[in-house]
Structures are given as structure tokens and as C-alpha cells.
Amino acid sequence: MKLKTILTSTIALTGLYFLTACGEGVDKSVKPIDVQELTKNQPETHGTEIKESDIQVTSPLNADWVSGGKNIYELKCQSCHRLTEEKLVGPGWKDVTKRRKPVWIMNMAMNVDMMLETDAEAQKLLEQCLVRMPNQNLSKEDARKVVEFMRSNDGEK
């Protein structure tokens, strides 16, 4: 009985400590960022449809594009996609360049609405994930860098 009381007290005090410690050092006068307010005057951009002839896949990989693609992934993609097979919100990226052509990947990244209207594979992904991929406002150059990063992630050199 005594052990139970000590254990309960310890847990309660630890919880109280964490509750009070979490507020330390936080400036309560700073307002939270309103993303909708920041982006309300920024129009959503959609790229023009990418054609197979618009893309040149090179070997070896372009190291600058891989690095740029990694930065874009970390900023815009990793909250929904993992570099493994793990499905988070969207599908994992492992071996995606072995399953999909660069033109498909770039169109999916830049023209989600068009792909969901016309592409059976994009429609299947929507059924599996139950969440429409948001428009990330990627330029053609940014989408190409993401493809290069994906190729690197899939083990291409």
C-alpha cells in the first residue's frame, strides 16, 4: 500500500513538473502565425502539363539537383511522405522512380487536379490515401530537382 502511494505521488509530481516546465521561456505575447492570412493574396499556381520530351534524365545524377530536391522534400514533402515504403499521409517514396516515369512524377507534383481527373493511377492513390495531395506550387525546375532526389533515394548514382 505504501509503495502504491509513493508511486502515485511520484507520477503526479512528475506530471505537475512537466506541465509547469512546458510554459517556461515561452513569450506569451507572440501571436501564432496565421498561414491562411499570409497566403491569401498568393494565387495557387499550376504548371503546364509536362511532356516526356520536356525531361532529360541524365546519368550520373546532377548533385546540385539532388541537393535542391532534398531541400524541397524537407520543406514541402516530408510531412506527408517518407523516404521508405511507409505510408504516412501519402505513399512512401522508396523505389518510386522504378515504378513511375519522371513525367508522371512531375505532373503529379505540379498538376494534381489534372492528374486526378485524367490518370487512373493517380485516382487509385487518392482512393488508397483518402487525402488529395495539396498543390505545393512547384516550378518545373523544382519538380525536376525532386525527381533527381527521388532517383538518388532509389539508389541511382
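In this text, all values refer to a predicted model and were calculated from it rather than measured experimentally.

Student: Looking at this model, I keep getting lost on the overall build of the protein chain. Mind explaining?
Tutor: Each helix and strand in the protein chain was counted, giving 8 helices and 0 strands. Start at the N end of the protein chain and walk to the C end: the helices and strands fall as α-α-α-α-α-α-α-α. With 157 residues in all, the protein chain has 28% of them scored as buried. The contacts in the protein chain between residues at least 6 apart in sequence include a share of 67% that link residues at least 24 apart.

Student: Before we go on, may I ask you to explain the nonpolar core in this structure?
Tutor: As a rule of thumb, nonpolar side chains are buried together in soluble globular proteins. In this structure, Ile50, Trp93, Trp104, Ile105, Met106, Ala122 and Met150 are the most contacted members of the largest nonpolar core, which totals 27 residues. Those elements giving two or more residues to this core turn out to be α3 (63-77), α5 (102-110), α6 (112-118), α7 (120-129) and α8 (140-153). Considering every element that reaches this core, the biggest residue donor is α5, with 7 residues. The residues contacting Ile50, other than those within four sequence positions of it, are Ile55, Val103, Met106, Asn107, Met110, Asn111 and Lys140.

Student: Is there a simple way to think about the side chain of Asn135 in this case?
Tutor: Within the secondary structure, Asn135 is located in the loop between α7 and α8. One polar contact links the side chain of Asn135 to the main-chain amide nitrogen of Asn137, over a distance of 2.6 Å.

Student: Just checking my understanding: could you explain a nonpolar patch on the surface for this structure?
Tutor: A cluster of nonpolar side chains, Leu88, Val89, Leu130 and Val131, forms an exposed patch at the surface whose accessible area comes to about 340 Å². Along the chain, Leu130 turns up in the loop between α7 and α8.

Student: How do you make sense of the packing of α5 against α8 when you look at a structure like this?
Tutor: Two quantities define a packed helix pair, namely the angle between the axes and the distance from one axis to the other. Running from amino to carboxyl end, α5 crosses α8 at an angle of 130°, the nearest separation of the two axes being 9 Å. In terms of axis orientation, α5 runs oblique to α8. By crossing handedness, the relation of α5 to α8 is classed as right-handed. Mapping the contact onto sequence places Pro102, Ile105, Met106 and Met110 in α5 and Lys140, Ala143, Arg144, Val147 and Met150 in α8.

What counts, and at which threshold
- The residue numbering used here restarts from 1 in each chain and proceeds along that chain's sequence as written.
- Per-residue local features are limited, in this predicted model, to residues with pLDDT of at least 70; the limit for side-chain atom pairs, both in listing and counting, is 80 or more; totals at the level of whole chains, interfaces and linings are taken over all residues.
- Only hydrogens and water are set aside; all other atoms, that is, all heavy atoms of the structure, feed into the side-chain values.
- Where helices and strands are cited, they refer to DSSP runs of H or I of at least four residues and of E of at least two residues respectively, numbered from the N terminus.
- Relative accessibility thresholds used throughout: buried, under 20% of the residue-type maximum; exposed, over 50%; partly exposed, between the two (1.4 Å probe, protein chains only).
- Two residues qualify as a contact provided that any one of their heavy atoms is within 4.5 Å of a heavy atom in the partner residue.
- Side-chain atoms within 4.5 Å link the members of a nonpolar core, which is a set of buried Ala, Val, Leu, Ile, Met, Phe, Trp, Tyr and Cys residues.
- A 3.5 Å cut-off defines polar contacts: any pair of N or O atoms within that distance qualifies, except that in protein one atom must be a possible hydrogen donor and the other a possible acceptor, and neighbouring residues in sequence count only when both atoms are side-chain atoms.
- Exposure above 30% relative accessible area and the absence of a salt bridge qualify a residue for a patch, where like charges join within 9 Å and nonpolar side chains (Val, Leu, Ile, Met, Phe, Trp, Tyr) within 5 Å.
- Using the Shrake-Rupley algorithm and a 1.4 Å probe, accessible areas are obtained, with residue cover drawn only from the displayed protein chains.
- Any carboxyl oxygen of Asp or Glu that lies within 4 Å of a side-chain nitrogen of Lys or Arg is treated as forming a salt bridge with it.
- Every axis corresponds to a line fitted to the C-alpha atoms, with the helix fit spanning only the stretch in contact, and the corresponding angles, defined between N-to-C directions, vary from 0 to 180 degrees.
- To sort the angles, those under 35 degrees are grouped as roughly parallel, those over 145 as roughly antiparallel, those from 65 to 115 as roughly perpendicular, and the leftovers as oblique.
- In this scheme the crossing of two helices becomes right-handed for a clockwise turn of the near helix relative to the far one and left-handed for an anticlockwise turn of less than a right angle.

In short, shape yes, function no, at least from these values alone.
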